[in-house]
There are 2 protein chains.
Amino acid sequence: MNMNNGVNTSDAPKDFHSLRERILERRDLFPKRLSQVAAFALDNPDEMAFGTAASIAARAHVQPSTLVRFAQSIGYAGFSDLQAVFRERLRERPSTYDERLQALRSDAHRDSSAAILGGVIAAAQYSVESASTAISSQAFEKAVKALAAAETIFLVAQRRSFPIASYLAYTFGKLKVRNQLVSSPFGIESEQMAFATPRDAAIAISFSPYAAPSMEHARVLSQAGVPVVSITDSAFSPLVPLSKHWFEIAEADFAGFRSLSASIAFALALAIAVGEERARTK
Amino acid sequence: MNMNNGVNTSDAPKDFHSLRERILERRDLFPKRLSQVAAFALDNPDEMAFGTAASIAARAHVQPSTLVRFAQSIGYAGFSDLQAVFRERLRERPSTYDERLQALRSDAHRDSSAAILGGVIAAAQYSVESASTAISSQAFEKAVKALAAAETIFLVAQRRSFPIASYLAYTFGKLKVRNQLVSSPFGIESEQMAFATPRDAAIAISFSPYAAPSMEHARVLSQAGVPVVSITDSAFSPLVPLSKHWFEIAEADFAGFRSLSASIAFALALAIAVGEERARTK
DNA sequence: TAATAATTGGAATTTTTATTCCATTTCCGC
DNA sequence: GCGGAAATGGAATAAAAATTCCAATTATTA
């Protein structure tokens, strides 16, 4: 590949995303060593940002001059300009959710679908990050012990929370933890719950606006002496007074839509931990 | 302040956190220009990481040599060593998933439930972050347009992917987008799909190991001329050849369990974008 | 207020780092 | 397998950056 292979300096990508796409679309046009650099660059963007030409070259098993050629083949004047893009990427990473949404709004792709994708993903990232700090390990451990001791775990959820319950049902199933999804197309939920005893346990999931049937199911189980572990979005949730253990998961919203990313991660952790606890104590 | 004011090179802080504390506890001992540098450094850590001695000095209104003196007064050999700490900070920020798991394993809470929670959440964070860079905006826009043009959107998913489909069904419902979850306790999936025409569309979701019924449903729809949008985990997924549009979502795993956090965020974005596109074009 | 020590500015120097250039190798069409 | 073009390695060179050093300034103390 010639240094001036239809590429002039003016069209060098200015931001990381377009650089990435540029590299990907030329993936097969690069000669051997340049492909090597391309792969290394996309796999180790941090290294590209911080390393020196020599250190990066060594780690990518090429010569420093190859890095310069690579940069030039994309349209940059030299390696330094290429590296600047990788540095910008780290610099621009806006820390807070608000800043990121702000950035999306001011962007060129105003009301494009891409903006929605970016916004929802930013909200999800923010939610998961919040969850990582908000949940108390002690509370989690206690809830896990309670659930691990149960004979059958009843799963209560409707509407928006239902995907989480179905995911729990699937995961518990794989872990051989007996469970019962309290939900049926036949309206036999009451009959399903009639088998519950205080030696069982329940996981109830509900977010505002709290679905009436979920509340009703949680109340029935709670009154039957079944310990209830709740996943909800506020300390004032009507689930809280019915619960022995409860967790608040605050999902960020985008344009009024709340993601489930943090809740579903939490649910998975809960299921795995219960499975582990069973394996350990049995 | 003397260059060797009770400070020797060996006790220079190795990580950003202790550097920060060191600077704060000496806040009042620094002479004028060095205080200036201290304040600038803590206020602009990114600048400290990326800038050159000259550029940082200019922005902090001091001489480059002052930066070197500042670094030495804290115990570093020179400015470069100080800067290395600021760079490490950025490098470690979204510390890679592997490192984080490593940290969890070596932690005090070995095989406690809290470690599982931390690990799963780390995996979720990593997955969502990957998704934010991996998905092409153009592909997303195209898929949205295709789905927005459909009369009915068929949703195909089984087992682990089912929660995503049920979430899509719920969200599309709220957005008044007609949809049909191809799944039934009565085994009438074929009959459900019999109504599909090329003016409809489908979303198929399947991750390795690809559930046979999902593949079969996707095949039937595809052969009926229904445009299929797939969400899967590899370019080699059997869904890909059946799809008009496809997206690869790489979920990180923890102890062999894959989260759904990124997929569910993507699904939500897709649903909202389709709703928006409809609102715009109708 | 004079003497001394600490601090600072800025140019000179050294070190590090990127880039260029050219000889050698590899690839490709014939 | 031959000839030319493209690609590569690596040393030589240029550029950039950090560091040092010393004179000038500013604080400190008697």
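All figures in this text were calculated on a predicted structure; none of them were measured in a lab.

Reading the values: rules and limits
- Residues numbered from 1 in each chain as written.
- Chains lettered and ligands numbered in written order.
- Predicted model: local features only at pLDDT ≥ 70, side-chain atom pairs only at ≥ 80, totals over all residues.
- Heavy atoms only, no water.
- Phe/Tyr/Trp six-rings, centres within 6.5 Å; stacked < 30°, edge-to-face > 60°.
- Helix = DSSP H or I, 4+ residues; strand = E, 2+ residues; numbered from the N terminus.
- Buried < 20%, exposed > 50% of the residue type's maximum accessible area, 1.4 Å probe, protein only.
- Contact = heavy atoms within 4.5 Å.
- Buried area = accessible area lost by both parts, 1.4 Å probe.
- Salt bridge = Lys/Arg side-chain N within 4 Å of Asp/Glu carboxyl O.
- Polar contact = N/O pair within 3.5 Å; in protein donor to acceptor, adjacent residues only side chain to side chain.
- Nonpolar A, V, L, I, M, F, W, Y, C, P; charged D, E, K, R; others polar.
- Core = buried A, V, L, I, M, F, W, Y, C linked by side-chain atoms within 4.5 Å.
- Axes fitted to C-alpha atoms, helices over the stretch in contact; angles between N-to-C directions.
- Parallel < 35°, antiparallel > 145°, perpendicular 65-115°, else oblique.
- Arc of directions from axis to C-beta.

Draft legend 1. Region of the structure containing the packing of aromatic side chains. Scanning all chains against the criterion turns up eleven aromatic pairs over all chains. Relative to B:F266, the ring of B:F247 lies with its centre 4.9 Å away and its plane at 50 degrees, an arrangement referred to as tilted. Separated by 19 residues along the polypeptide, B:F247 in strand 5 (residues 245-248) and B:F266 in helix 13 (residues 261-281) bring together distant segments of the chain. Look at B:F247 and you get buried, because its relative accessible area is 3%. Site record: aromatic cluster; members linked through ring pairs are A:F140, A:F247 and A:F266.

Draft legend 2. Quick peek at the interface of chain A and chain B. Counting residues at the interface gives 55 residues for chain A and 57 residues for chain B. Here chain A and chain B share an interface that buries about 5,200 Å² over both sides, 70% of which is from carbon and sulfur atoms. A per-residue breakdown of the area chain A buries against chain B is headed by A:F50, A:R91 and A:F257, which together make up 13% of the total. Summed over the shared surface of chain A and chain B, the number is zero salt bridges. Across the chain A-chain B interface, the total number found is four residue pairs in polar contact (both at pLDDT 80 or more). Elements supplying a minimum of two residues to the side of chain A that touches chain B: helix 1 (16-25), helix 3 (45-50), helix 6 (79-92), helix 8 (113-134), helix 9 (137-148), helix 10 (162-174), strand 7 (257-258) and helix 13 (261-281) of chain A. At twelve residues, helix 8 of chain A tops the list of elements feeding residues into the side of chain A that touches chain B. Of the residues in the side of chain A that touches chain B, the class split is 30 nonpolar, ten polar and 15 charged.

Draft legend 3. Just the nonpolar core, in detail. The biggest cluster of nonpolar side chains holds 101 residues, and the ones touching the most others in it are A:I203 and B:I203. In contact with B:I203, other than residues within four places in its own chain, are B:L147, B:I153, B:F154, B:L155, B:V156, B:L168, B:F172, B:V229, B:I231 and B:L270. Listed in part, the 56 residues of the second largest apolar core include A:I56, B:M48, B:V85 and B:F86.

Draft legend 4. Quick peek at the packing of helix 2 (residues 32-43) of chain B against helix 5 (residues 64-74) of chain B. Residue and element names in this part refer to chain B. Relative to each other, helix 2 and helix 5 sit at 80 degrees, their axes nearing to 10 Å. As far as their axial angle goes, helix 5 and helix 2 are roughly perpendicular. Every residue of helix 5 that contacts helix 2 at R33, L34, V37 and A38 is listed here: T66, L67, R69, F70 and S73. Of the residues belonging to the contact of helix 2 with helix 5, the class tally is five nonpolar, two polar and two charged.

Draft legend 5. Representation of helix 5 of chain B in the model. All names here are of chain B. Regarding helix 5, the residues found buried are T66, L67, F70, A71, S73 and I74. The arc that holds the buried residues of helix 5, viewed along the axis, is 160 degrees, so those residues lie on one side. G75, located one to two residues past helix 5, shows a positive phi value of around 125 degrees.

Any functional reading would require information beyond the geometric quantities listed.
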